[in-house]
Amino acid sequence: MSDEKKVEAPKPPPPAGPPAPPPPKNPGFVTFVVDGKEVVAKPGTNMIDAAKSVGVDIPYYCYHPRLSVAANCRMCMVESSAAPPGKLVPACQTGITEGAVIKTDTDKVRAQQKMVMEFLLLNHPVDCSICDQAGECKLQDYYMKYDFEPSRLEGAKILRNKRKKLNDLVVLDQERCVLCTRCVRFMKEVAKAPQLGIFGRGSHEVVDISPAYGKLESNYAGNIVDICPVGALLNTDFRFRARAWFLSAAPSVCTGCSRGCNIYADYMGQDTYRFRPRENDAINQSWMCDGGRLSYKSLNKHRVLQSGVGRGGDVKDITRADALKLAVEKLQAMTGKVAFLASPVASNEDLLAGLAFARDVLKVKVIYAGGRPDGQADNFLITADKNPNRKGLEAIAKGFGLELKPFAELTRGIDAGSVKGLFALGAEVPEAEETFAARAQKLELFITTATNESKVTAAAHLTLAASVHVEDEGSFTQGDGTTQRFRRAYPPRGDSQPHWKWAVDLARALGLEMKAASSREIFKQLAPTVPELATFEWDKKAPMNQKRPGISSLPAGADGRPPGWREQGVPSIRGLTLPQGT
Amino acid sequence: MAAAGDEYDPTPSEDELEAHLQTRNMVVNLGPSHPATHGTVRLKIELDGETIVKMDTEIGFLHRGFQKSCENVTWTQVLPYTDRLDYVAALHNNFGYLTAVETLMGVEIPERAKYIRVIGAELHRIASHLTTAGALSLELGGFGAFLYAIEARELITDRVTELTGARLTTSYGRIGGVNRDLPEGWADKVLKSLVKIEELAAEVDGLLTRNRIFTDRTRGTGVITKEDALDFGFTGPCLRACGVSYDIRKAKPYWVYDKLDFTVPVGVNGDNFDRYYMRVLEIRESIKMIRQCLAEMPQGPVMVDDWRIALPPKENVYNSIEGVIAHFKLVMEGVPVPPGECYASTESANGELGWYLRSDGSGRPYKIHVRAPGFQLLSGLARMCEGRMLADMIPTFDTINMIGGEVEQ
């Protein structure tokens, strides 16, 4: 490898003096040739990215478009006419030159790729069958593409630490590591917490945590698992829980705070297994915080899957139809005396339907803002507002001519006895749950739609089971005012249905003409009165349900899907009831 | 009615005598579940007396969505589906499919694998031809020849079972060769069986070929002209019976057919007898070929040595990362077939078994279309039967040897 380092040595000038550089073929751009295809790229474009734009895949491990160039994996070596004769150059590090001819498919390049792969696999443990990365591993992909030779190793492989706990979320398997240093560079350059490094020499080199730190201290450590091209860095939360090729991915938005990081929700059947960041240059680049990463758990655990009637320990499960009947009776008995609390955790569609219901059926003029309490912000992705859709709530309330009042006024009203009945769309409250639950005891009527069980739902007379955002199509308007669409992963679990559906059902039962069979129809009907949402192209802005990277070939029906079913389209899932009207 | 007082005259008038019997054509349903329609096919036959006026062939009772199913599985996993095409001679389908995939990939399989494929294919050609001859005899009332034919076929089935592990659903061979070599002592067993099969085939030949009843029923019935046969797309023994010498093993040799000494029998009349006799002669040629193959077959590998195609040996899978990766990728993603399309065909027992394959570069077929020889033969059945006697329809249906599995897929 030391030979190739010399590539960067300056070329001795030819005796006749340096020839004049050719005038650029496309002024303002660099034009060169990769494998016979002409590439026109902006100056400073990385050669790997430029080649990709014309469909030439140059393999790489250490290169990452959002990190500095290390050029240490030597997998992207190509032949270039601008390089010293007989030398290969690393595509990730070599600048693009006007008129250069790049070849990525010559015998020499192939031999280099084979050698690199052989060295990388030399001490790699035989772990695919127990490795989480299997199916989305670059070692596997490149081995089949560039190496495909048997092992020539004689004797034993070098053993290293297989379970080095970096922190509660990330565990390092040093044996599987290919020393690409992506994690080291990420921690230094993106997370601004330079706590990882390469230690040792030669075959004994390992990635390890700097001795100054006992464990990785960063809210972004989970990202090094994503960028690890092999299975060396593993997410302890996801580890051993699902094989990657059985998971489907729904493009979605993180609901952990008002940043609105783009994510993939990886799911199987009706369970979400992990959140992964999805590329979005404007918002989260390729990253997300650890808190958001783990927020998928609330989609699976402690869900309100059945509507319940009764308070405290005296809760009785009732069906959706019975709950609706009961809610209608109770609301009719208290017409005009019910306050409305809206949670900014719910989507725009939920809030559009909910606020229309509040205005036209409950006849309120004022609504109160619920939602999760504020938390800590940082200077990267995490914001203080832990609700994904506060801007949406504000816009819709304004558009509907409703006055949005802070939560404190509601509590004051309850304490003073001026608020006797409360309908809550979403059971999230910005104060301690116990405090609000105690307050709610004073209410003569407290109905809430809720996704997750909490002390608040325990205090409600009637809890209506609501679905979470990955169970329906919809949109959020995040902190900076951007509206983003998310896609449905699977139908609502249990007997739950979306907040908007509860609002529509109740409105209809109480005599209001409301025709909407899907969140899309809700948006089309109600958004035009909200200036912030009126111009949002709900259909066009939906992220494409695209094929997941790695193995997308699904064994027929392995997770309850019919054979041949892919990520596209609305699933008619065997054994699962599709919600009515969607 | 005669008027009162008139005497009844029993003598018919002249008009009445000359009047024709008022008859209507009768429509008869044959199948889909009729003992003579081996395989499920429905024949709607319009009869004038015993003459077939019009015949309509209706298929679809054995349709399984073969071509669509293939798009959901890897290239290798298609193999068991091919068993169910021509289930009387499954090895033809197995090897034909694999040959087509190898053509698309540009892979040359080892010499020994080619010989094994010829042996397997020819064994099943004999089995298929014996079934045709035997069933034909049975339906013309000759039970003895059927028993001899089936006894011989059973010997082949036993040898095929030893080779592949299954009587019918062989799933033998893999992309890049065959999945296992010949079992120990198998060659000798085959040679012994061939002697017995020769005897039994000669018995069938002796019972039928010069049998007066048999020849009366088969000569001149179910005739199709050379031109019509070509127009309908006939291939295989049914085309050769019309006098067209077309056999893919000769026209476009594959595997090791160019190294073997064999002749392709060609008929004259294109009738049932010729179609039957082609098969009797082809059985002899096939036996000859198998003997040549067993004598000339080289030692060596039966699978290409390329881990992108062949599964690595188990000891490598368990003990080396290279092996486990190759195994994982081949099983989970399938053999990577380069993007492109191809048509490749082999000579199956009934004719040209063609495969149109299209790959998008993933491990799964983008499209598979099968040109099964039986479909064209069945299409021509009405032409061979219309205007002929109903009783001759049955032997005609026999000699085209329609197999529901490949016709309907």
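Residues numbered from 1 in each chain as written. Chains lettered and ligands numbered in written order. Predicted model: local features only at pLDDT ≥ 70, side-chain atom pairs only at ≥ 80, totals over all residues. Heavy atoms only, no water.

## Considerations on the overall build of chain A
The criterion, for reference: Strands here mean DSSP runs of E at least two residues long; helices mean DSSP runs of H or I at least four residues long; both are numbered from the N terminus. Contact definition: two residues touch when any of their heavy atoms are within 4.5 Å. Accessible surface area values rest on a Shrake-Rupley calculation with a 1.4 Å probe, where residue burial reflects the displayed protein chains alone. For the charge count, each Lys or Arg is scored as positive and each Asp or Glu as negative, with His and the chain ends excluded. Taken as the charge centre is NZ of Lys, CZ of Arg, CG of Asp or CD of Glu, depending on the residue.
Across its full length, chain A carries 17 helices and 23 strands. Projecting the C-alpha coordinates of chain A onto the three principal axes gives extents of approximately 95 × 55 × 50 Å. Put simply, of all contacts in chain A between residues at least 6 apart along the chain, 64% involve residues at least 24 apart. Counting only carbon and sulfur atoms, one obtains 54% of the accessible surface of chain A, whose full area is about 24800 Å². Taken as two groups, the 77 positive and 66 negative side-chain charges of chain A have centres that lie 1 Å from each other.

## With respect to the overall build of chain B
Worth spelling out the cut-off: Remark: exposure states derive from per-residue accessible area (1.4 Å probe, protein chains only) relative to the maximum for the residue type, with buried under 20%, exposed over 50%, and partly exposed in between.
Assigned secondary structure in chain B consists of 18 helices and six strands. Taken across its 409 residues, chain B has 55% of its residues classed as buried. Put simply, 69% of the contacts in chain B that link residues at least 6 apart link residues at least 24 apart. Taken as a whole, chain B presents about 17600 Å² of accessible surface, with 53% of it coming from carbon and sulfur. Averaging the locations of the 43 positively and 57 negatively charged side chains of chain B gives two centres separated by 8 Å.

## Examining the pairing of strand S22 (residues 474–477) of chain A
Residues and elements named next belong to chain A. For clarity, the threshold we go by: When DSSP locates at least two bridges between a pair of strands, those strands are taken to pair.
Of the two faces of S22, the one holding Gly474 and Phe476 and the one holding Ser475 and Thr477 are both buried throughout. Pairing of S22 with strand S23 (residues 483–486), which is carried by four bridges, proceeds in the antiparallel orientation. Paired with glycine 474 across the two strands is phenylalanine 486, which belongs to S23.

## Observations concerning unusual backbone geometry
What is expected of a backbone is that most residues other than glycine have negative phi and most peptide bonds are trans. All names here are of chain A. Look at arginine 74: it is not a glycine, yet its phi comes out positive at around 65 degrees. Its location among the elements puts arginine 74 in the loop between helix H2 (47–53) and strand S3 (77–80). By relative accessible area, which is 4% here, arginine 74 ends up buried. A positive phi angle is found at lysine 363, which is not glycine, with a value near 55 degrees. Here lysine 363 shows up in the loop between helix H10 (348–360) and strand S17 (366–369). A relative accessible area of 57% places lysine 363 in the exposed class.

## Quick notes on the sheet that holds strand S5 (residues 351–359) of chain B
Residue and element names in this part refer to chain B. To keep things clear, this is the line we draw: Only the stretch in contact is used when fitting a helix axis, every axis being a line fitted to C-alpha atoms; angles between N-to-C directions are given from 0 to 180 degrees.
Ordered by their spatial adjacency, three strands build an open sheet running S4-S5-S6, and the pairing between neighbours is antiparallel. Each edge of the sheet is formed by a strand with only one pairing partner; in this case those strands are strand S4 (340–348) and strand S6 (365–371). Each strand of the sheet is rotated relative to its neighbour by a mean of 15 degrees, with strand direction disregarded. As judged from the six bridges shared by S5 and S6, these two strands associate in the antiparallel manner. Along S6, the bridge assignment pairs serine 359 with proline 365. Running over the sheet, helix H4 (residues 90–105) touches S4, S5 and S6 and is turned about 150 degrees from S4.

## Structural notes on H10(A)
Residue and element names in this part refer to chain A. Heads up, the condition is: What a helix should span is 1.5 Å times the count of its residues minus one.
Its 13 residues give H10 an end-to-end C-alpha distance of 18 Å, which sits within 8% of 18 Å, the value for a rise of 1.5 Å per residue. Of all the 13 residues making up H10, eleven are buried; the element is thus mostly covered by neighbouring parts of the structure. Among all positions in H10, only Asn348, Glu349, Asp350, Leu351, Leu352, Ala353, Gly354, Leu355, Ala356, Phe357 and Ala358 are buried.

## Brief notes about the state of the cysteines
All names here are of chain A. Threshold: Throughout, disulfides are identified as pairs of cysteine sulfur atoms within 2.5 Å of each other.
Here the structure, examined in full by the defined rule, presents zero disulfides over all chains. With no disulfide partner, cysteine 92 has as its closest neighbouring cysteine sulfur the one in cysteine 76, 3.8 Å distant. Not engaged in a disulfide, the cysteine cysteine 137 finds its nearest cysteine sulfur in cysteine 131; these two sulfurs lie 6.2 Å apart.

## Digging into the nonpolar core
Rule in force here: Grouping buried Ala, Val, Leu, Ile, Met, Phe, Trp, Tyr and Cys residues that are joined through side-chain atoms within 4.5 Å yields what is termed a nonpolar core.
In this structure, Phe186(A), Ile224(A), Tyr97(B), Trp355(B), Leu357(B) and Ile368(B) are the most contacted members of the largest nonpolar core, which totals 146 residues. Looking at this core element by element, the count peaks at twelve residues for helix H5 (residues 111–139) of chain B. Listed in part, the 53 residues of the second largest apolar core include Ala327(A), Phe340(A), Val364(A) and Leu533(A).

## Comments concerning the interface of chain B and chain A
Our working rule: Here the buried area means the combined drop in accessible surface, using a 1.4 Å probe, for two parts upon being joined, counting both sides. We count a salt bridge whenever a side-chain nitrogen from Lys or Arg sits within 4 Å of a carboxyl oxygen from Asp or Glu. In protein, a polar contact requires one atom able to donate a hydrogen and another able to accept it; more generally it is a pair of N or O atoms within 3.5 Å, and residues adjacent in sequence count only if both atoms are side-chain atoms. Residues are grouped as follows: nonpolar covers Ala, Val, Leu, Ile, Met, Phe, Trp, Tyr, Cys and Pro; charged covers Asp, Glu, Lys and Arg; every other residue, Gly included, is treated as polar.
Facing 20 residues of chain B, the contacting portion of chain A comprises 26 residues. Of the roughly 2000 Å² buried at the junction of chain B and chain A (both faces included), carbon and sulfur atoms supply 70%. Counting the surface chain B buries against chain A, the share from its top three residues, Ile321(B), Glu322(B) and Phe328(B), is 31%. Taken together, chain B and chain A are joined by one salt bridge. A salt bridge links Asp141(A) to Lys329(B), with the nearest nitrogen and oxygen atoms 2.4 Å apart. On inspection of chain B and its partner chain A, the count reaches one residue pair in polar contact (both at pLDDT 80 or more). Only helix H13 (314–319) and helix H14 (321–332) of chain B provide two or more residues apiece to the side of chain B that touches chain A. Counting residues per element, the side of chain B that touches chain A draws most heavily on H14(B), which supplies nine residues. Tallied by class, residues from the side of chain B that touches chain A come to ten nonpolar, four polar and six charged.

## Description of the sheet that holds strand S3 (residues 51–58) of chain B
Strands belonging to one sheet form pairs held by backbone hydrogen bonds; the direction of such a pair is parallel or antiparallel. Residue and element names in this part refer to chain B. One open sheet accounts for three strands, arranged S1-S2-S3; its pairing is antiparallel. Either end of the sheet is taken by a strand with one partner, and the two such strands are strand S1 (26–30) and S3. Going from strand to strand, the sheet's axes swing by 20 degrees on average, the running direction of each strand aside. As defined by bridge partners, S1 adjoins strand S2 (residues 42–48) across five bridges and the pair is classed as antiparallel. What sits directly across from valine 27, in S2, is glutamate 46.

## Brief notes about the packing of aromatic side chains
What counts is decided by this rule: Here the aromatic set is Phe, Tyr and Trp, taking the six-membered ring for Trp, and pairing holds for ring centres within 6.5 Å; pairs whose planes are under 30 degrees apart are stacked, those over 60 apart are edge-to-face, and all others are tilted. A ring has a charge above it when a Lys NZ or an Arg CZ is no more than 6 Å from the ring centre and no more than 35 degrees off the ring normal.
Within this structure, the stated rule accounts for 30 aromatic pairs over all chains. For the ring pair Phe186(A) and Trp287(A), a centre distance of 4.7 Å and an interplane angle of 55 degrees mean the geometry is tilted. Of the two residues, Phe186(A) is situated in helix H5 (residues 182–189) and Trp287(A) in the loop between strand S13 (271–277) and helix H7 (290–294); the sequence distance between them amounts to 101 residues. Accessibility expressed as a relative area gives 2% for Trp287(A), which makes it buried. Here the aromatic rings of Phe436(A) and Phe446(A) are separated by 5.9 Å at their centres, their planes lie at 80 degrees, and the arrangement is edge-to-face. With Phe436(A) in helix H13 (residues 433–440) and Phe446(A) in strand S20 (residues 445–450), this pair connects stretches of sequence that are ten residues apart. This pair shows no difference in class: Phe436(A) is buried, exactly as Phe446(A) is. An aromatic cluster is built from Phe95(B), Tyr172(B), Tyr254(B), Trp255(B), Tyr257(B) and Phe262(B), whose rings are joined through pairwise contacts. Across from the ring centre of Phe238(A), 4.4 Å away, lies the NZ or CZ of Arg274(A), which sits over that ring. Lys250(B) extends its terminal NZ or CZ atom over the ring of Phe262(B), reaching a point 4.1 Å from the ring centre.

## Regarding the confidence of the model for chain B
A low pLDDT means the predicted coordinates there should not be read in detail. What counts here: Across the chain, each position has a pLDDT score giving the predictor's confidence in that residue, from 0 to 100.
In the predicted model, chain B carries a mean pLDDT of 90, and 99% of its residues have values of at least 70. Scoring the predicted complex yields pTM 0.83 and, for the interface, ipTM 0.82.

## Section: the side chain of His469(A)
Residues and elements named next belong to chain A. Locating histidine 469 in the fold gives a position in the loop between strand S21 (462–465) and S22. On the basis of relative accessible area, histidine 469 is assigned to the buried category, the value being 11%. Reaching out from histidine 469, the side chain makes a polar contact with the backbone oxygen of valine 253 at a distance of 3.1 Å.

## Considering the environment of Asn272(B)
Residues and elements named next belong to chain B. With respect to the helices and strands, asparagine 272 occurs in helix H12 (residues 272–296). Along the sequence, asparagine 272 and glutamate 184 sit 88 residues apart, while their C-alpha atoms lie 41 Å from each other. Apart from residues lying up to four places away in sequence, asparagine 272 is in contact with Thr218, Thr221, Gly222, Asp392, Pro395, Thr396 and Thr399.

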